[in-house]
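Residues per chain are reported as follows:
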Amino acid sequence: MRRLFDRSLLASVMLLVTGLGAMAADQPLPAGGHDFRNVDWGMGRNEVRAGETAKPSLADGPLLGFPATVAGHPCQVIYLFQADRLCMGFYLWSNIHEDLSEYFGQAETLRDVLAGAWNAPQIEKWDWEDPMFQDDPAMRAEALGLGLVRYEMGWMTGRSIVAVRMSGGNLQGDILLMYADRTCFPSGQAAFKTFFDDRIGLPTPY
């Protein structure tokens, strides 16, 4: 997998502006009654940290991240805090399939799981740089590796915004699942933008 804390990860995250413990660890849906995994919006960093058994892979600024296996695939679980209160959470599956066509099947399975909880996506769109790539599975995989296709879907739930993006580039692919507190989503985006600018030294693309 690519290093968690690099420009490609931060750009991927910004493009979206993701017993109880066993369920939270194994499934991309929140554990019963919770907002993200087994935690709730507004919880503090220490409360969130207590819900993860792995050692943090990222603890910098407003971000706290952990390695995990979710939906049968290794990923990173990333929490974003604003004023030490949880406001966004992400699952990032990055560079996990050698055969890039497998990302399309994974995205379809993820859609089915999320739609089972919240019905069909309220937003769903494919963005192809060239429509010729759509019909041939081998060409679709090539398009993903070259960054020529993007798939997005989203839901508005009672307390959360839920969004998925499949994208790629540099002959790799990513799937990012975001969960965000509806009450602090715009300000959470702004907090991450500030962090991105400070750490990377470049403006975000948004």
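Residues numbered from 1 in each chain as written. Predicted model: local features only at pLDDT ≥ 70, side-chain atom pairs only at ≥ 80, totals over all residues. Heavy atoms only, no water.

Could you give an account of the overall build of the chain, with specific residues and numbers?
Along its length, the chain carries six helices and eight strands. For the chain, the N- to C-terminal ordering of α and β elements is α-α-α-β-β-β-β-α-β-α-β-β-β-α. Taken across its 206 residues, the chain has 47% of its residues classed as buried. Carbon and sulfur atoms make up 51% of the accessible area of the chain, which totals about 9,500 Å². (Helix = DSSP H or I, 4+ residues; strand = E, 2+ residues; numbered from the N terminus. Buried < 20%, exposed > 50% of the residue type's maximum accessible area, 1.4 Å probe, protein only. Areas by Shrake-Rupley, 256 points an atom, 1.4 Å probe, with all protein chains shown as cover.)

Residues and numbers for the packing of aromatic side chains, please.
Overall, the coordinates contain 10 aromatic pairs when judged by the stated rule. Centre to centre, the rings of Trp 118 and Tyr 179 are 6.2 Å apart; their planes meet at 70°, and the pair counts as edge-to-face. Of this pair, Trp 118 sits in helix H4 (residues 102–118) while Tyr 179 sits in strand S8 (residues 172–181), placing them 61 residues apart in sequence. The class for Trp 118 is partly exposed, based on a relative accessible area of 24%. By the ring-pair criterion, three or more aromatic residues cluster together here, those being Phe 36, Phe 66, Tyr 79, Tyr 91, Trp 93, Trp 118, Trp 155 and Tyr 179. The aromatic ring of Phe 104 is capped on one face by Arg 140, whose charged end is 4.5 Å from the ring centroid. (Phe/Tyr/Trp six-rings, centres within 6.5 Å; stacked < 30°, edge-to-face > 60°. Lys NZ or Arg CZ within 6 Å of the ring centre and 35° of its normal.)

A description of the nonpolar core should follow, citing residues and the corresponding values.
Counting 38 residues, the largest nonpolar core has Tyr 79, Tyr 91, Leu 177 and Tyr 179 as the members making the most contacts within it. Put simply, the parts of the chain that give this core at least two residues each are strand S2 (63–70), strand S3 (73–82), strand S4 (85–94), H4, helix H5 (137–145), strand S6 (149–156), strand S7 (160–169) and S8. When residues in this core are grouped by element, the largest group, five residues, is from H4. Those residues within four positions of Tyr 79 in sequence are excluded, and the remaining contacts are Phe 36, Arg 37, Val 39, Val 48, Glu 52, Pro 62, Leu 63, Leu 64, Phe 66, Leu 86 and Met 88. Counting residues in each nonpolar core, the second largest holds 14 residues, with Phe 90, Leu 92, Ile 161 and Cys 184 among its members. (Core = buried A, V, L, I, M, F, W, Y, C linked by side-chain atoms within 4.5 Å. Contact = heavy atoms within 4.5 Å.)

Please provide a residue-by-residue account of the pairing of S2, values included.
Counting buried residues in S2 gives six out of eight residues, a clear majority hidden from the surface. Pairing geometry for strand S1 (residues 58–60) and S2, over three bridges, is antiparallel. Bridge pairing in S2 places Leu 58 opposite Gly 65. The sheet contact formed by S2 and S3 spans eight bridges and is antiparallel. Its bridge partner lying in S3, Pro 67 is registered against Gln 76. Hairpin connection, S2 to S3: the antiparallel pair is bridged by two residues, and Ala 71 has positive phi, about 55°. (Pairing = 2+ DSSP bridges.)

An account of the confidence of the model for the chain is requested, with residue identities and associated values reported.
On average, the chain scores 81 in pLDDT, and the residues at 70 or more come to 77%. Segment residues 1–25 is flagged for pLDDT under 50; beyond a separation of four residues in sequence, or across chains, it makes 74 contacts in the model. (pLDDT = per-residue confidence, 0-100.)

Describe the sheet that holds S4, listing the residues and the values that go with them.
Pairing is antiparallel in the open sheet, where eight strands are placed in the order S1-S2-S3-S4-S8-S7-S6-S5. The sheet is open, and its two borders are formed by S1 and strand S5 (123–128), each paired with just one other strand. Between one strand axis and the next, the sheet turns by 15° as a mean value, whatever way the strands run. As judged from the six bridges shared by S6 and S7, these two strands associate in the antiparallel manner. Looking at S7, one finds that Glu 152 is bridged to Arg 165. Taken strand by strand, H4 contacts S3, S4, S5, S6, S7 and S8, and its axis lies near 20° from that of S8. (Axes fitted to C-alpha atoms, helices over the stretch in contact; angles between N-to-C directions.)

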